[in-house]
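Next come the chains, spelled out residue by residue.
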Amino acid sequence: MEQDLARNAYVIQEDAKFGTVKIADDVVAMIAALAATEVEGVAAMGGNMTSEILKRVGMKSLAKGAKVEVLSKKVKVELAITMEYGFNIPATCQQVQNKVKSAIENMTGLEVTDVNIRIAGINVTKEK
């Protein structure tokens, strides 16, 4: 069990006086996913999660559309998102990249080198 924890957690602060702070890669993925869904035009993560389904299945499912790789305090992020119909894809993706990079760096102190986005689908809602 300790090996699993060591493989999926990264030291972000070490202090001989107080101990060590580690962060799990799932937490970094969750930060990325939450930041992405805050951008207007992003309907869901992973291509199949709506906010209503998310409330029922829990927050852990949100991170399924985000994959992170942490090496030497540098983070690569891969996101699969569903866009709302009618939004400019390049502009929205640039906002997502900026928001995700900023959120991870501010919350963890890790450096984000890449935020790669895959558009998994388009959400088309019919107006009544």
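Relevant structure appears above.
The written sequence of each chain sets the order in which its residues are numbered from 1. For a predicted model such as this one, the threshold for reporting local features is a pLDDT of at least 70, and the threshold for listing and counting side-chain atom pairs is 80 or more; totals across whole chains, interfaces and linings nevertheless cover every residue. Values reported for side chains reflect all heavy atoms of the structure, with hydrogen atoms and water molecules removed beforehand.

Draft legend 1. Representation of the overall build of the protein within the structure. In this description a helix means any DSSP run of H or I spanning at least four residues, a strand means any run of E spanning at least two, and both kinds are numbered starting from the N terminus. Regarding its fold elements, the protein presents 4 helices and 6 strands. Start at the N end of the protein and walk to the C end: the helices and strands fall as α-β-β-α-β-α-β-β-α-β. Exposure categories follow from relative accessible area, calculated using a 1.4 Å probe and restricted to protein chains: below 20% of the type maximum is buried, above 50% is exposed, and the middle band is partly exposed. Among the 128 residues that make up the protein, the fraction classed as buried is 34%. By definition, residues are in contact when any of their heavy atoms lie within 4.5 Å. Nonlocal contacts in the protein, meaning residues at least 24 apart in sequence, comprise 66% of its contacts between residues at least 6 apart. Using a 1.4 Å probe, the Shrake-Rupley method yields the accessible areas, and only the shown protein chains count as cover for residues. Summed over its atoms, the accessible surface of the protein is roughly 8,600 Å², and 50% of this surface lies on carbon and sulfur atoms.

Draft legend 2. Representation of the environment of methionine 45 within the structure. Turning to its location among the elements, methionine 45 is positioned in strand β3 (residues 42-45). A sequence separation of 37 residues divides methionine 45 from threonine 82, and the C-alpha atoms of the two residues are 6.1 Å apart.

Draft legend 3. Region of the structure containing helix α4 (residues 89-108). The span expected for a helix works out to 1.5 Å for each residue beyond the first. The end-to-end C-alpha distance of α4, which contains 20 residues, comes to 28 Å, matching closely the 28 Å that a straight helix rising 1.5 Å per residue would cover. Considered for burial, the residues of α4 that qualify are Thr92, Cys93, Val96, Val100, Ala103, Ile104 and Thr108. An end-on view of α4 places all buried positions within 100° of arc, on one side of the element. More than 90 degrees from the buried face of α4, the exposed residues found are Pro90 and Asn106. On its buried face, α4 is in contact with β1 (9-15), β2 (19-24), α2 (25-37), β3, β5 (74-84) and β6 (111-123). Here, the arc refers to the directions that run from the helix axis to the C-beta atoms.

Draft legend 4. View of the pairing of β5. Only when DSSP finds a minimum of two bridges between them are two strands counted as paired. Bridge count between β3 and β5: 3 bridges; the pairing is antiparallel. Bridge pairing links valine 42 to methionine 83 in β5. When strand β4 (residues 66-71) meets β5, the two strands line up antiparallel, connected through 6 bridges. Among the inter-strand pairings, glutamate 69 is bridged to a residue of β5, identified as lysine 76. Pairing between β5 and β6: 11 bridges, direction parallel. Bridging across to β6, valine 77 finds its partner in valine 115.

Draft legend 5. Structural view of the pattern of salt bridges. Salt bridge criterion: a side-chain nitrogen from Lys or Arg within 4 Å of a carboxyl oxygen from Asp or Glu. Counting across every chain of the model gives 3 salt bridges. Close ionic contact of lysine 99 with glutamate 38 constitutes a salt bridge, the shortest N to O distance being 3.1 Å. On the criterion of sequence distance, the pair formed by lysine 99 in helix α4 and glutamate 38 in the loop between α2 and β3 is long-range, its members being 61 residues apart. Given the relative accessible area of 35%, lysine 99 is considered partly exposed. In this structure, glutamate 105 and lysine 101 form a salt bridge, with 2.7 Å as the shortest nitrogen-oxygen distance. Taken together, the residues glutamate 105 and lysine 101, both in helix α4 and 4 residues apart, mark about one turn of the helix. By relative accessible area, which is 33% here, lysine 101 ends up partly exposed.

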